[in-house]
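Each chain, letter by letter, is given below.
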Amino acid sequence: MTHDDDLVVIKIFPNDVLAQVAASFLEANGIQAVVSTDDAGGAYPFLQGYSGVRLMVRKSDEDIARELLEQVGESEAEP
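This structure is a prediction, so every number in the text was calculated from the model and none was measured.

Colleague: Would you explain the overall build of the protein chain in this entry?
Modeller: Scanning the protein chain from N- to C-terminus turns up 3 helices and 3 strands. Moving toward the C terminus, one meets the helices and strands of the protein chain in the order β-α-β-α-β-α. When burial is assessed residue by residue, the protein chain has 30% of its 79 residues classed as buried. Look at the contacts in the protein chain between residues 6 or more apart in sequence, and 67% of them connect residues 24 or more apart.

Encoded structure:
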């Protein structure tokens, strides 16, 4: 993804593992995804429990990404 891509948060996960699995699923279906967290670069993973781990996609892919997550039981996709 480039700096010009508009990213939107489509789901907040409780930890990095779940977010990475969802991102891999989206990417396997042709949608680029980004996982973002505020845990000091992984030094303090317990911080993920406070702010969550954000799964983001391009604004143009938002609807299909939400649809795909809903199909696998991640229907509470929320920013």
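Back to the write-up after that little detour.
Colleague: Looking at this model, I keep getting lost on the environment of R54. Mind explaining?
Modeller: Within the element layout of this structure, R54 appears in strand β3 (residues 53-58). Taking the relative accessible area as the measure of exposure, R54 reaches 17% and is therefore buried. For the pair R54 and D38, spaced 16 residues apart in sequence, the C-alpha to C-alpha distance is 9.4 Å.

Colleague: I keep staring at the packing of aromatic side chains and nothing clicks. Help me out?
Modeller: For any pair of aromatic rings, the description consists of the separation of the ring centres together with the inter-plane angle of the planes. Going through the model one piece at a time under the given rule, you end up with 0 aromatic pairs. Directly above the ring of F13 sits K11, whose terminal nitrogen or CZ lies 5.3 Å from the centroid.

Criteria and cut-off values
Residues numbered from 1 in each chain as written. Predicted model: local features only at pLDDT ≥ 70, side-chain atom pairs only at ≥ 80, totals over all residues. Heavy atoms only, no water. Helix = DSSP H or I, 4+ residues; strand = E, 2+ residues; numbered from the N terminus. Buried < 20%, exposed > 50% of the residue type's maximum accessible area, 1.4 Å probe, protein only. Contact = heavy atoms within 4.5 Å. Phe/Tyr/Trp six-rings, centres within 6.5 Å; stacked < 30°, edge-to-face > 60°. Lys NZ or Arg CZ within 6 Å of the ring centre and 35° of its normal.

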